[in-house]
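Report on the structure
Residues per chain are reported as follows:
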Amino acid sequence: MSQPPAPTAPTATIDPAQLAALRQSLQQAFEGRMLTDDDDMVPFLSDWRGRYHGRALAVTQPDDAEQVRKVVQWCIDNDFRIVPQGGNTGLAGGATPDASERNVIISLARMRSVRAIDPINNTITVDAGCTLLEVKEAAAKAKRLFPLTLPSEGSCTIGGNLSTNAGGCGVLRYGNARELCLGLEVVTPAAEIWGGLRGLRKDNTGYDLRDLFVGAEGTLGIVTGATLKLYPEPVVTLTALAALESPRHALKLLELAQKHLSASLTAFEMIADICIDFVARHHPECPRPFAEPSPYYVLLECSDAESQEHATERFETLLNEALETELITDAVISDSLARTKALWALRENISEAQAAVGKNIKHDISVPISQIGDFVEQTNAELEAAFPGIRMVVFGHLGDGNLHYNVSPPAEREGPAFEEEFLALQPEMNRITHDAVVRFGGSISAEHGLGVLRRDESARYKSATELRLMKAVKAAIDPDGRMNPGKVLPPSAAA
Ligand code: FAD
């Protein structure tokens, strides 16, 4: 995965002698690995998209929860703020410190042990710094499936996945990160270790603290370990791609696919034709899948517990019915691992291909699944009327009601010379899109979290009661506002 260009190292704002003394004191208190050199810290001070840049006294890299606790205690004693960081692949700027130097980054990157696997309880307990890929591989060794699936799996961490309540491509069948989490170990802003690593499917013993920390984006504590749900491995996983006219046709196909495949339907991703065009332009290894282009496509995955023949037969029955009823115009079923990878590459390379075309304006929205057709039709029309010539780059997890509803500039205004002018339209485009999302009963951040990117807009759309309750939770757990300040809640609301 490519990284954003490194910005220049930040300039110190604390007197150099005091800075050195503070760093020495932190090092003595914590006794773990720590980066303080400006150049070494640079990758930790910017977000993946290169939009946010900040400063920190140090990047600490603890080896265990006790070392995390010691860093937190030092931050309390010296009035520093704490920014937890996993793989730094988040798309909302949540892991980037602010411009003040009174931040200490706690990077979980060195905490990556698999603590236990219980194949009968179907659970795995891991350090929060394990990458998603490492957890999936450890589960596979025990012949189990950990189903969370993100294109960033080689870099993002379980702590980050839980803190952003990540979604991805398996949510339709297995749920998002929250639904895959049974227990947590957390270092609180009061420098305590909460040992909540329970592997229980049932536990009704009061307020669910685990669910408070999941999706909190590091604003309530530092996740240091997690117990996660595992599933039996499917015997076979088959992929198909169908060409169709519109999101409305895709919705009808979803209904039909659920009728034919029920719980075996594990992914249902919609892709607008322009995405395929971008991918084909920038990834020559991913040619157009059909001779004739189609306005939309759907990528379907079926995980079958019986056999390849059984899965193929079910897919063929479904797709034949969809062709006969003119729901789809063409379809292909993967007949090899290489073909499956090629079909998924069409979907997974979209973000990178769109970035290669030039700057774009992103929205990560969800609406009730039944509303997707109306939402796309009406909001496309509204945006195209306000900004003639723009290109709607729409793709995503239609089976979850979640679309990456992105906008690229008109074809004749592609390229660096027009980027600034295009990005200046962002506030107005966000407003039109997010007002529409809210009208349709949806969410302005379906899976990427709020961070700083969507923080203020989210506050605009939440009710006074919802904001008051969120602020009360923050004040109860982190009364000094030490944890990841400025993220999720606007600073005024968090105070
Ligand atoms: P970071 O980016 O390091 O942090 C994210 C947030 O979590 C920050 O607020 C940080 O403070 C907090 N945090 C991190 N670790 C901890 C911890 N241990 N304790 C407390 N707080 C913590 N996301 C999706 O949901 N679905 C996708 O399909 C998807 N695709 C992506 C594709 C690409 C190419 C990229 C670059 C990103 C994608 N993402 C996707 C976004 C990103 O990968 C996820 O949000 C991921 O869960 C972030 O994990 P991370 O370890 O990188 O967290």
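Just so you know, these numbers come straight off a predicted model, no measurement behind them.

Conventions and cut-offs
All residue numbers refer to positions counted from 1 along the written sequence of the respective chain. Per-residue local features are limited, in this predicted model, to residues with pLDDT of at least 70; the limit for side-chain atom pairs, both in listing and counting, is 80 or more; totals at the level of whole chains, interfaces and linings are taken over all residues. Derived side-chain values reflect all non-hydrogen atoms in the structure, with water molecules and hydrogen atoms excluded from consideration. For two strands to be treated as a pair, DSSP must find no fewer than two bridges joining them. Secondary structure elements are defined from DSSP: runs of H or I of at least 4 residues count as helices, runs of E of at least 2 residues count as strands, and each element is numbered from the N terminus. For helices, the fitted line uses only the C-alpha atoms of the stretch in contact; every axis is such a line through C-alpha atoms, and the angle between N-to-C directions lies from 0 to 180 degrees. Any Lys or Arg side-chain nitrogen found within 4 Å of a carboxyl oxygen on Asp or Glu counts as a salt bridge. Three exposure classes are used, based on accessible area relative to the maximum for each residue type with a 1.4 Å probe and protein chains only: buried under 20%, partly exposed in between, and exposed over 50%. A molecule or strand has a residue near it when one of that residue's heavy atoms lies within 4 Å. Two N or O atoms count as a polar contact when they lie within 3.5 Å, although within protein this holds only if one can serve as hydrogen donor and the other as acceptor, and sequence-adjacent residues are included solely when both atoms are side-chain atoms. What sets the accessible areas is the Shrake-Rupley method with a 1.4 Å probe; for residues, cover comes only from the shown protein chains. Two joining distances apply to patches: 9 Å for like charges and 5 Å for nonpolar side chains (Val, Leu, Ile, Met, Phe, Trp, Tyr), and every residue must have over 30% relative accessible area and no salt bridge. Working convention for charge: Lys and Arg count positive, Asp and Glu count negative, and His plus the chain ends are omitted. Charge coordinates come from a single atom per side chain, which is NZ of Lys, CZ of Arg, CG of Asp or CD of Glu. Confidence of the predictor in every single residue is expressed as pLDDT, which spans 0 to 100. Contacts: residue pairs with any heavy atoms within 4.5 Å of one another. Here a Phe, Tyr or Trp ring, Trp counted by its six-membered ring, pairs with any other such ring whose centre lies within 6.5 Å, and the pair is stacked when the planes are under 30 degrees apart, edge-to-face when over 60, and tilted otherwise.

What to know about the sheet that holds strand β9 (residues 193-196)
Reading across the sheet, the 5 strands line up as β5-β6-β10-β8-β9 and stay open at both edges, with antiparallel pairing between neighbours. Edge strands, defined here as strands with exactly one partner in the open sheet, are β5 (114-118) and β9. Looking at each pair of strands side by side, their axes are set apart by 10° on average, direction ignored. The pairing of strand β6 (residues 123-127) with strand β10 (residues 222-229) spans 5 bridges and is antiparallel.

What to know about the pattern of salt bridges
Under the defined criterion, the tally for this structure stands at 27 salt bridges. Note that Arg81 and Asp98 form a salt bridge whose closest N and O atoms lie 2.7 Å from each other. Taken together, the residues Arg81 in strand β3 (residues 81-85) and Asp98 in the loop between β3 and β4 (103-107) connect sequence positions 17 residues apart. With a relative accessible area of 26%, Asp98 lands in the partly exposed category.

With respect to the site of the ligand
Near the ligand there are 34 residues, and of these Pro84, Thr89, Gly90, Ser152 and Thr157 occur at the shortest range. Contact distances for the ligand include 2.7 Å between an oxygen atom and a backbone N or O atom of Gly86. Here an oxygen atom of the ligand and a backbone polar atom of Gly90 are 2.7 Å apart. Alone, the ligand offers 970 Å² of accessible surface; in the complex the protein occludes 96% of this. At the level of secondary structure, the elements contributing two or more residues to the shell around the ligand comprise β3, α5 (158-163) and β10. A per-element tally of the shell around the ligand places α5 first, with 4 residues.

Concerning unusual backbone geometry
Positive phi values are uncommon outside glycine, yet Asn88 reaches one of about 60°. Position of Asn88 among the secondary structure elements: in the loop between β3 and β4. Despite not being glycine, Glu326 has its phi angle at roughly 60°, a positive value. Checked against the element boundaries, Glu326 lands in the loop between α10 (308-324) and β15 (330-333). The class of Glu326 is exposed, set by a relative accessible area of 65%.

Remarks on a negative patch on the surface
A grouping of Asp37, Asp38, Asp39 and Asp40 is seen on the molecular surface, where their side chains present a negatively charged patch. Secondary-structure assignment places Asp40 in helix α2 (residues 38-41).

Here's the deal with the pairing of strand β2 (residues 58-61)
Burial of the side chains of β2 extends over both faces: Ala58 and Thr60 are buried on one face and Val59 and Gln61 on the other. As defined by bridge partners, strand β1 (residues 33-35) adjoins β2 across 3 bridges and the pair is classed as antiparallel. Note on β2: the bridge partner recorded for Leu35 is Val59. Bridging between β2 and β4 involves 3 bridges; their strand directions are parallel. Paired with Thr60 across the two strands is Ile106, which belongs to β4.

Focus on the confidence of the model for the protein
With 97% of its residues at a pLDDT of 70 or more, the protein shows a mean pLDDT of 93. A low-confidence stretch, residues 1-11 (pLDDT under 50), is modelled with 24 contacts involving residues beyond four sequence positions or located in other chains.

Structural notes on the packing of aromatic side chains
Using the criterion set out here, one finds 6 aromatic pairs in the structure. With a centroid separation of 6.1 Å and 10° between ring planes, the pair formed by Phe290 and Tyr297 is classed as stacked. Members of the aromatic cluster, joined through ring pairs, are Phe375, Tyr405 and Phe440.

Looking at the sheet that holds strand β12 (residues 236-244)
Strand order across the open sheet formed by 7 strands is β15-β12-β14-β13-β17-β18-β16, with antiparallel pairing between neighbours. The sheet is open, and its two edges are formed by β15 and β16 (364-366), each paired on a single side. Strand-to-strand twist across the sheet, computed as the mean angle between neighbouring axes with direction ignored, equals 20°. For strand β13 (residues 265-272) and strand β17 (residues 391-397), the ladder comprises 2 bridges, and the chain directions are antiparallel. Bridge pairing links Ile271 to Phe395 in β17. Against the sheet, α10 makes contact with β12, β14 (296-304) and β15, and its axis sits at roughly 15° relative to β12, the strand it touches most.

Examining the side chain of Ser46
With respect to the helices, strands and loops of the structure, Ser46 is situated in the loop between α2 and β2. A relative accessible area of 6% means that Ser46 is categorised as buried. Looking at Ser46, its side chain comes within polar contact range of the side chain of His53, at 2.8 Å.

Things to note about the environment of Pro490
Topologically, Pro490 is positioned in the loop between α17 (464-477) and α18 (491-494). Between the C-alpha atoms of Pro490 and Phe80, which are 410 residues apart in sequence, the distance is 19 Å. Aside from chain neighbours lying at most four places away, what touches Pro490 is Arg455, Asp456 and Ala459.

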